[in-house]
Amino acid sequence: MKEYKLEAVVHVYELAELSEEDKQLVEAAKQATKGSYAPYSKFLVGAAARLESGSIVLGANQENAAYPSGLCAERTALFAAGAQHPDQPVVALAIAARKGRSFLAKPISPCGACRQVISGVEERYGVPIRILLYGTEGVLVSEGIKPLLPLSFVDEDMR
Ligand code: THU
């Protein structure tokens, strides 16, 4: 029997400690919650993807009466970015969530399906995506999806 220890390193910053570029992306994710359609969960999530060109593409969760047909903010943003800017790598993704008008104190983490899609976008362009998870108490930053998705399934596994 062999044992592997999987180490995940992430950083938590105060908002003021972030670069102007990161602050701007977090602000865009907060703004993006305005596009949330969440009549069932009342949980408003926004995502902002920064492209290599510097452009920002927004996403927000979109719910449906048939619950599984809805989509998270992260995938809404990433799929929009891929569809509208297929030649542009995504270099960073910020996520913010609120209930009513109050943003959450602790950052939310992308669900498993969104992590898999983030991993796929990294693979597609060969570029790690800096992930910024906003909470009013601090911003969790992961350099790429790997710390959040160890032992991930990638296309190379099928070769
Ligand atoms: N949701 C997101 O958009 N992103 C996440 O990271 C977690 C969950 C959405 C899905 C659903 O519309 C609502 O939040 C409650 O799960």
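To start, this report covers the structure provided alongside it. (Residues numbered from 1 in each chain as written. Predicted model: local features only at pLDDT ≥ 70, side-chain atom pairs only at ≥ 80, totals over all residues. Heavy atoms only, no water.)

### A look at the environment of Leu-140
Relative to the helices and strands, Leu-140 resides in strand β7 (residues 138–143). Each C-alpha atom of the pair Leu-140 and Ser-109 lies 9.1 Å from the other, and the pair is 31 residues apart in sequence. Those residues in contact with Leu-140, other than ones at most four positions away along the chain, are Val-10, His-11, Val-12, Pro-107, Ile-131, Leu-132 and Leu-133. (Helix = DSSP H or I, 4+ residues; strand = E, 2+ residues; numbered from the N terminus. Contact = heavy atoms within 4.5 Å.)

### Observations concerning the site of the ligand
Neighbouring the ligand are Ser-41, Phe-43, Val-45, Asn-61, Glu-63, Cys-72, Ala-73, Glu-74, Ile-108, Ser-109, Pro-110 and Cys-111. A distance of 2.5 Å is found between an oxygen atom of the ligand and a side-chain nitrogen or oxygen belonging to Glu-63. A distance of 2.6 Å is found between an oxygen atom of the ligand and a side-chain nitrogen or oxygen belonging to Glu-74. Burial of the ligand by the surrounding chains reaches 76%, relative to a free accessible area of 370 Å². Broken down by secondary-structure element, the contributors of at least two residues to the shell around the ligand are β2 (43–51) and α2 (73–84). In terms of residue class, the shell around the ligand is made up of 7 nonpolar, 3 polar and 2 charged. (Near = heavy atom within 4 Å. Polar contact = N/O pair within 3.5 Å; in protein donor to acceptor, adjacent residues only side chain to side chain. Areas by Shrake-Rupley, 256 points an atom, 1.4 Å probe, with all protein chains shown as cover. Nonpolar A, V, L, I, M, F, W, Y, C, P; charged D, E, K, R; others polar.)

### What about the pattern of salt bridges?
For the coordinates displayed, the defined rule picks out 6 salt bridges. Measuring nitrogen to oxygen at the nearest pair gives 3.0 Å for the salt bridge that ties Glu-137 to Lys-106. Linking Glu-137 in the loop between β6 (130–135) and β7 with Lys-106 in the loop between β5 (102–103) and α3 (112–125), this pair joins segments that are 31 residues apart in sequence. In this pair, the class of Glu-137 matches that of Lys-106, namely exposed. In this structure, Glu-143 and Arg-130 form a salt bridge, with 2.3 Å as the shortest nitrogen-oxygen distance. Here Glu-143, found in strand β7, pairs with Arg-130, found in strand β6; they are 13 residues apart in sequence, far enough to count as distant. (Salt bridge = Lys/Arg side-chain N within 4 Å of Asp/Glu carboxyl O. Buried < 20%, exposed > 50% of the residue type's maximum accessible area, 1.4 Å probe, protein only.)

### Observations concerning unusual backbone geometry
Leaving glycine out, the prevailing phi sign among residues is negative, and the prevailing peptide bond configuration is trans. If you check the backbone angles, Lys-42 has positive phi at about 55° while not being a glycine. Structurally, the position occupied by Lys-42 is in the loop between α1 (20–32) and β2. Under the relative-accessibility criterion, Lys-42 is labelled exposed at 54%. Not every positive phi belongs to a glycine, and Leu-151 is a case in point at roughly 55°. With respect to the helices and strands, Leu-151 occurs in the segment after β7.

### Regarding the side chain of Arg-98
Assignment of secondary structure puts Arg-98 in strand β4 (residues 90–99). Nearest to the buried, unbridged Arg-98 among oppositely charged side chains is Glu-27, at 10 Å. Within the structure, Arg-98 has its side chain in polar contact with the side chain of Thr-33 (distance 2.9 Å). With residues near it in sequence (within four places) discarded, Arg-98 still touches Thr-33, Lys-34, Lys-42, Phe-43, Leu-44, Phe-103 and Leu-104. (Lys, Arg positive; Asp, Glu negative; His and termini not counted.)

### Here we look at the packing of aromatic side chains
Inspection of the entire model under this criterion finds 2 aromatic pairs. Seen from their ring centres, Tyr-40 and Tyr-67 are 5.4 Å apart, and the 40° between their planes marks the pair as tilted. Of this pair, Tyr-40 sits in the loop between α1 and β2 while Tyr-67 sits in the loop between β3 (56–60) and α2, placing them 27 residues apart in sequence. The exposure class assigned to Tyr-67 is exposed, which follows from its relative accessible area of 58%. A ring pair is formed by Phe-103 and Tyr-134, whose centres lie 5.9 Å apart and whose planes are at 75°; its orientation type is edge-to-face. Of the two residues, Phe-103 sits in strand β5 while Tyr-134 sits in strand β6, which places them 31 residues apart along the sequence. (Phe/Tyr/Trp six-rings, centres within 6.5 Å; stacked < 30°, edge-to-face > 60°.)

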